[in-house]
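# Examination of the molecular architecture
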Amino acid sequence: MNRRQTIPKHLRYTIMDFNRQFPDDAACLEHLKEQRFPGGIAHCEKCNQDRKHYRINGRPVYSCDHCGTQISPMAGTIFEHSSTSLRLWYYAMYLMASTRCGISAKQIQRETGVTYKTAWRMFRQIRSLLSETDMQLEGSAVEMDETYVGGKRKNKHGNRGMRGRDNDEKTPVFGMVERGGKGRVMAFVTPDVKAATLFPIIAERVLPQSTVFTDDYPVYDRLGMHANCYEHKRIQHKQNIYVMGDVHTQTIEGFWSLIKRGIGGVYHSVSRKYLQTYLDEYSFRYNRRDQGNLIFNAFLKRIVEREASPLVAADRGMTPA
Ligand SMILES: [Zn+2]
């Protein structure tokens, strides 16, 4: 059965809708301008007053009709300095937003016809829009868990005692997910899974007095004594107990399976360097899983929300590994 058919009509956004909304570069530029300057570009910095602005033919800029100062809606966004058609950028975002299990730079290359290097750069830039690791979790119950990603060894809970050399190739990842409410997830690449590393992440993002669910891994031992007065409930995985009433960590473990399936199925492997942006992309989609294909709109909104972010700037000029 085609999964797409199960998306309610009001949450559908198909390739037909995309083609209708964004038939060409001009439509994309107009959309971008409208996002950054709602109602149109009104103010001219040089004139220091409101002026009419006109689109300059053949160029992605708007010009003050009094002094000729030009404003580019692309300045400060991921599209700045890119010679790739804006519509291809939008289409690549559409592709990345429409998949449930992620797509690779290779697929963007195939679908858009740009070179691999360009596709890879677009892929990285679009991903850089999606980080939400600075948000605060809402709701009063949060599951948390740590895992290892990458490397050659199969990762199972039972392996956790066998750390050290065998796990050196694996990257530790820590995750938290809200119970109820919006059910949002956050995941972080961490240098290790010590309390000194994990507790500050928890304290910054989980409201005081929340109920927190973990397994019996010793790093969480002192979570119930935290200054934020968390109510700590633990499931005894060592005794092969996985659910006890509402005490479990199955939601966050479900998310771990999702990202590991994604890595295995789409990318084969993800290097430590890019793992955080991979987690960001998966979290972003997971957190909007009730929005159907309208996730594309959320991608488009991030262009403006994340403009001039240090991550975007730092990523410029990087070439494929
Ligand atoms: Zn002016």
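Residues numbered from 1 in each chain as written. Predicted model: local features only at pLDDT ≥ 70, side-chain atom pairs only at ≥ 80, totals over all residues. Heavy atoms only, no water.

## Some thoughts on the sheet that holds strand 6 (residues 141–149)
Whenever strands of a sheet pair, they do so through backbone hydrogen bonds, lying parallel or antiparallel. Selection criterion: Pairing between two strands requires that DSSP report at least two bridges joining them. Put simply, DSSP H or I for four residues or longer makes a helix, DSSP E for two residues or longer makes a strand, and each gets a number counted from the N terminus. Between N-to-C directions, angles span 0 to 180 degrees; the directions come from axes that are lines fitted to C-alpha atoms, helices contributing only their stretch in contact.
Ordered in space as 8-7-6-9-10, the five strands form an open sheet in which the pairing is mixed. Looking along the sheet, the strands with just one partner apiece sit at the ends: strand 8 (185–189) and strand 10 (231–235). When strand polarity is set aside, the average angle formed by the axes of neighbouring strands in this sheet is 25 degrees. Relative to strand 10, strand 9 (residues 211–215) runs parallel, the two being bridged by five bridges.

## A closer look at the pattern of salt bridges
Where we set the bar: The term salt bridge refers to a pairing of a side-chain nitrogen on Lys or Arg with a carboxyl oxygen on Asp or Glu at a separation within 4 Å. The cut-offs for exposure are 20% and 50% of the maximum accessible area for each residue type, with area from a 1.4 Å probe on protein chains only; residues under the lower value are buried, those over the upper are exposed, and the others partly exposed.
Taken as a whole and judged by the stated rule, the model has twelve salt bridges. Between arginine 205 and glutamate 204 there is a salt bridge whose closest N-O contact spans 3.8 Å. Take arginine 205: its relative accessible area is 12%, and that puts it in the buried class. Here glutamate 204 falls in the exposed class, since its relative accessible area comes to 53%. The closest approach of N and O atoms between glutamate 305 and arginine 302, which form a salt bridge, is 3.1 Å. Placement of the pair is glutamate 305 and arginine 302 together in helix 9 (residues 295–305), with a separation of three residues, close to one helical turn. Residue classification places arginine 302 among the buried positions, given a relative accessible area of 11%. The network of salt bridges with common partners includes Glu138, Glu178, Lys182 and Arg184.

## Let's talk about the coordination of the zinc ion
Our working rule: Only nitrogen, oxygen and sulfur atoms qualify as donors, provided they sit within 2.8 Å of the metal or within 3.2 Å for Na, K and Ca; with water excluded from the atoms, sites may seem incomplete.
The zinc ion binds to the protein through Cys44 (SG), Cys47 (SG), Cys64 (SG) and Cys67 (SG); the donor distances cover 2.3 Å. Between consecutive donor residues of the zinc ion, the sequence gaps follow C-x2-C-x16-C-x2-C.

## Some remarks on the environment of glycine 58
As for its position among the elements, glycine 58 is in the loop between strand 3 (53–55) and strand 4 (62–64). Put simply, glycine 58 and alanine 26 are 32 residues apart on the chain and 9.4 Å apart in space, counted from C-alpha to C-alpha.

## Considering the sheet that holds strand 3
On the basis of which strands lie adjacent, the open sheet formed by three strands has the order 3-4-5 and antiparallel pairing. Both outer strands of the open sheet, strand 3 and strand 5 (70–71), are each paired with one neighbouring strand and no more. Two strands pair when backbone bridges link them, and strand 4 and strand 5 are joined in this way by two bridges, in the antiparallel orientation. In the strand pairing of strand 5, serine 63 is matched with glutamine 70.

## Topic: the confidence of the model for the protein chain
For the record, the criterion: Note: pLDDT gives the predictor's confidence per residue, expressed from 0 to 100. It only takes one pair of heavy atoms within 4.5 Å for two residues to be counted as in contact.
With 88% of its residues at a pLDDT of at least 70, the protein chain reaches an overall mean of 86. No element of the protein chain has a lower mean pLDDT than helix 10 (residues 310–315), at 46, and none a higher one than strand 8, at 96. Within the model, the stretch residues 161–166 combines pLDDT values under 50 with six contacts to residues more than four positions away or in other chains. This model gives residues 308–321 a pLDDT under 50, and the stretch forms 25 contacts once residues within four places in sequence are excluded.

## What to know about the pairing of strand 8
Most of strand 8 sits out of view: four of its five residues are buried. Hairpin remark: strand 7 (residues 171–178) followed by strand 8, antiparallel, with six residues in the connecting loop; positive phi at glycine 180, about 70 degrees.

## Remarks on the packing of helix 4 (residues 105–112) against helix 5 (residues 116–128)
Definition in use: Angles below 35 degrees are treated as roughly parallel, those above 145 as roughly antiparallel, those between 65 and 115 as roughly perpendicular, and all remaining angles as oblique. Each crossing is labelled by how the near helix is turned from the far one, with a counterclockwise turn of less than a right angle marking it left-handed and a clockwise turn marking it right-handed. Nonpolar residues are Ala, Val, Leu, Ile, Met, Phe, Trp, Tyr, Cys and Pro. Charged residues are Asp, Glu, Lys and Arg, and all others, Gly as well, are polar.
As a packed pair, helix 4 and helix 5 sit with axes 8 Å apart at the nearest point and diverge in direction by 120 degrees. Accordingly, the angle class assigned to the pair helix 4 and helix 5 is oblique. Our pair here, helix 4 against helix 5, has a crossing hand that is right-handed. Contacts between helix 4 and helix 5 involve Ala105, Lys106, Ile108 and Gln109 on the former and, on the latter, Tyr116, Ala119, Trp120 and Phe123. The residue makeup of the contact of helix 4 with helix 5, split by class, is six nonpolar, one polar and one charged.

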